[in-house]
Amino acid sequence: MLKLPSSISQRSQNCVSLIFVRHKTWGKAVIPHKKPRWIPMARSKMFVNPPTLLIPKEELEHEESLKVEYERRMNALAKYLHDDEAKFSDRGEAGLKEAEIEEQEHRRLVQENEEENKRVAELRKIRLQKEFEQKKIQIQKEVQAQQEVEEERIRKADIYVREQAEQFANRILRPDLEGAILKALDNPIDPEFAIDLHGHI
Amino acid sequence: MSFMKGISPIRRTTNYLNASPLVLKRRVKILTVNFNENEEEEHHKGARDFVFWNLPQVQYKNPNVQIVTFRNLTPSPFITCFLEDNSKILFDVDSQSNKEIMDRLVKTVGKSKELLEEEALASEAKSNPANFCRRLGFDRHCICEMPGQVPCPIMVPVPKHWRGKWWNQGHRYEEE
């Protein structure tokens, strides 16, 4: 049921409510809630004079001129800042050029670094070669020393074996045992003796 | 003294930390150092000294760069810088002293002195005390708190005829 202003008589309201008014039926529908367009303006409002502006004309003109001047200045400033940003900001022409220069510089520095890496690699190669040579000499010395020790050991063992072999030749056999005992008893050896400076007993 | 903690506590002083010339470029995101701790490996000595003496300085000057050290993994010491475009730069620092390493890093991935001076000037301009907005770190939040200016409308309402609402609602036509 439409709700119409109370100034309209009940009879008119009843007439209006029976007449179908087109309105939006889907989405956010706005049911007509004001005076229908075919109802004329109220007589109390029909011949009202338009409102008059009480503010002096000079004041309004002064305000308008100030406003115009302000807008001119602000627009000029905005345009200036816009052009400045377009030229000198990071995304402007100057920024793009600077980025390109920086990129080239970066590539050059990376290339120099690669060359420096190669130089250091060469030095490392020389150092490792030197260390290898030193280690080789060191190992050879150790092997040689070990060989000398082994040879000395074998030489001493050989001398000992020869001495033992010589002594083995003078061994006392069982049949000669009694004779050796009698001989030893007949020739006692006295370790307590004095010698002179020349070694004579 | 309670603040002299750890080995060589001079490394913890702000004067020492600020003395580093290496401010990495914005494109460098991660820096890794590979070296060995064995004292007999003389070719790692420069990298060891760099990590001990200079790495705190580098991290202090570049708080947003991730710095990682890898110990006793490789026979030769090296430094790798990972950039924002997923590329990397390798620095072979075999048998180089910490000073040589630092000079090399400054030359390749560090900002130049001129650029650092420009940035220092720009930061001074940004910290202009004449600016407003406490949210952005300035001292004053609004011009209304300055003596001699229009007071804050929260405290003292603005004259009605200065308001657009009064103007547009037609009150300018009303007789007072």
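Predicted, not measured: the structure shown is a model, and the values here were computed from it.

Colleague: Now, about the overall build of chain A: what can you tell me, with residues and values included?
Modeller: Counting secondary structure elements, chain A contains 5 helices and 0 strands. Taken from the N to the C terminus, the helices and strands of chain A come in the order α-α-α-α-α. Taken across its 201 residues, chain A has 8% of its residues classed as buried. Of the contacts formed within chain A by residues at least 6 apart in sequence, a portion of 12% connects residues at least 24 apart. Total accessible area computed for chain A in this model is approximately 19500 Å², and 57% of it derives from carbon and sulfur atoms.

Colleague: How would you explain the packing of helix H3 (residues 57-88) of chain A against helix H4 (residues 93-169) of chain A if you had to name every residue and give the values?
Modeller: Residues and elements named next belong to chain A. At a closest axis distance of 3 Å, the pairing of H3 and H4 adopts a crossing angle of 15°. It follows that H3 is roughly parallel to H4 by the angle criterion. Contacts between H3 and H4 involve Ala86, Lys87 and Phe88 from the first element and Glu93, Ala94 and Gly95 from the second. The residue makeup of the contact of H3 with H4, split by class, is 3 nonpolar, 1 polar and 2 charged.

Colleague: Break down the interface of chain B and chain A for me, with residues and values.
Modeller: Facing the 20 residues of chain B at the interface are 21 residues of chain A. For the pair chain B and chain A, the two sides together bury roughly 1700 Å², of which 51% comes from carbon and sulfur. Counting every contact that joins chain B to chain A gives 6 salt bridges. Here chain B is connected to chain A by 11 residue pairs in polar contact (both at pLDDT 80 or more). Elements that contribute at least two residues to the side of chain B that touches chain A include exactly strand E4 (88-92) and helix H3 (98-109) of chain B. In terms of residue class, the side of chain B that touches chain A is made up of 6 nonpolar, 5 polar and 9 charged.

Colleague: Got a sec to walk through the state of the cysteines? Specific residues and values, please.
Modeller: What makes a disulfide is a covalent bond joining the sulfur atoms belonging to two cysteines. What the rule picks out here adds up to 0 disulfides over all chains. No disulfide involves Cys152(B); its sulfur sits 3.8 Å from the nearest other cysteine sulfur, which is in Cys144(B).

Colleague: Give a description of the pairing of strand E2 (residues 66-71) of chain B that names residues and reports values.
Modeller: Residue and element names in this part refer to chain B. In the sheet, strand E1 (residues 28-35) pairs with E2 via 6 bridges, with the strands oriented parallel. Bridged to threonine 32 within E2 is valine 68. Taken together, E1, helix H2 (residues 45-61) and E2 form a β-α-β motif whose crossover is right-handed.

Colleague: Lay out the pattern of salt bridges with the relevant residues and their values.
Modeller: All names here are of chain A. This model, assessed by the stated rule, comprises 22 salt bridges over all chains. Across the pair glutamate 116 and arginine 119 runs a salt bridge whose closest N-O atoms are separated by 2.8 Å. One end of the pair is glutamate 116 and the other is arginine 119, both in helix H4 and 3 residues apart, which spans about a single turn. Taking the relative accessible area as the measure of exposure, glutamate 116 reaches 22% and is therefore partly exposed.

Colleague: Give me the lowdown on a nonpolar patch on the surface, citing residues and values where you can.
Modeller: All names here are of chain A. On the surface, a nonpolar cluster with roughly 560 Å² of combined accessible area is contributed by Tyr70, Met74, Leu77, Tyr80 and Leu81. Note that leucine 81 resides in helix H3. For leucine 81, a relative accessible area of 48% translates into the label partly exposed.

Colleague: Go over the confidence of the model for chain A with me, naming the residues and quoting the values.
Modeller: Residues and elements named next belong to chain A. On average, residues of chain A score 87 in pLDDT, and 89% of them are at 70 or above. The weakest mean pLDDT in chain A belongs to helix H1 (residues 10-18) at 49; the strongest belongs to H4 at 95. In the predicted structure, residues 1-9 sits below a pLDDT of 50 and forms 11 contacts with residues beyond four places in sequence or in another chain. Confidence over residues 11-16 falls short of pLDDT 50; this stretch has 7 contacts with residues more than four positions distant or in other chains.

Colleague: Pulling in residues and values, what's your account of the packing of aromatic side chains?
Modeller: Any pair of aromatic rings gets described here by the distance separating the centres and the angle formed by the planes. On inspection of all chains with the given rule, the structure shows 1 aromatic pair over all chains. Ring centres of Phe52(B) and Trp53(B) lie 5.0 Å apart, and the angle between their planes is 85°; this geometry places the pair in the edge-to-face category. A relative accessible area of 31% means that Trp53(B) is categorised as partly exposed. The ring of Phe168(A) carries Arg171(A) above its face, with NZ or CZ at 4.2 Å from the centroid. Here the guanidinium or amino end of Arg11(B) rests over the ring plane of Phe52(B), the centre of that ring lying 3.9 Å away.

Colleague: An account of the confidence of the model for chain B is requested, with residue identities and associated values reported.
Modeller: Across chain B, pLDDT averages 91, with 98% of residues at or above 70. Reported confidences for the modelled complex are a pTM of 0.61 and an ipTM of 0.73.

Colleague: Quick rundown of a negative patch on the surface? Include the residues and the values.
Modeller: A grouping of Asp90(A), Glu98(A), Glu114(B), Glu117(B) and Glu118(B) is seen on the molecular surface, where their side chains present a negatively charged patch. Examining the composition of the negative patch, we find that 3 residues originate from one element, helix H4 (residues 113-126) of chain B, more than from any other. Mapped onto the elements, Asp90(A) comes out in the loop between H3 and H4.

Colleague: Could you give an account of the nonpolar core, with specific residues and numbers?
Modeller: In a soluble, globular protein the nonpolar side chains are often hidden away together inside. Residue and element names in this part refer to chain B. Among the nonpolar cores identified, the biggest contains 23 residues, and Leu31, Val33, Phe50, Ile79, Phe91, Leu105 and Val109 are the most heavily contacted of them. Taken together, the elements giving at least two residues each to this core come down to E1, H2, strand E3 (78-83), E4 and H3. The biggest single contributor to this core is H2, with 5 residues. The residues touching valine 109, leaving out its near neighbours within four places in the chain, are Val23, Leu24, Lys25, Val28, Cys81, Ile89 and Phe91.

Conventions we followed
- Residues numbered from 1 in each chain as written.
- Chains lettered and ligands numbered in written order.
- Predicted model: local features only at pLDDT ≥ 70, side-chain atom pairs only at ≥ 80, totals over all residues.
- Heavy atoms only, no water.
- Helix = DSSP H or I, 4+ residues; strand = E, 2+ residues; numbered from the N terminus.
- Buried < 20%, exposed > 50% of the residue type's maximum accessible area, 1.4 Å probe, protein only.
- Contact = heavy atoms within 4.5 Å.
- Areas by Shrake-Rupley, 256 points an atom, 1.4 Å probe, with all protein chains shown as cover.
- Axes fitted to C-alpha atoms, helices over the stretch in contact; angles between N-to-C directions.
- Parallel < 35°, antiparallel > 145°, perpendicular 65-115°, else oblique.
- Nonpolar A, V, L, I, M, F, W, Y, C, P; charged D, E, K, R; others polar.
- Buried area = accessible area lost by both parts, 1.4 Å probe.
- Salt bridge = Lys/Arg side-chain N within 4 Å of Asp/Glu carboxyl O.
- Polar contact = N/O pair within 3.5 Å; in protein donor to acceptor, adjacent residues only side chain to side chain.
- Disulfide = S-S within 2.5 Å.
- Pairing = 2+ DSSP bridges.
- Right-handed = clockwise from strand over helix to strand, strands pointing away.
- Patch = residues over 30% accessible without salt bridge, like charges linked within 9 Å, V, L, I, M, F, W, Y side chains within 5 Å.
- pLDDT = per-residue confidence, 0-100.
- Phe/Tyr/Trp six-rings, centres within 6.5 Å; stacked < 30°, edge-to-face > 60°.
- Lys NZ or Arg CZ within 6 Å of the ring centre and 35° of its normal.
- Lys, Arg positive; Asp, Glu negative; His and termini not counted.
- Charge placed at Lys NZ, Arg CZ, Asp CG, Glu CD.
- Core = buried A, V, L, I, M, F, W, Y, C linked by side-chain atoms within 4.5 Å.

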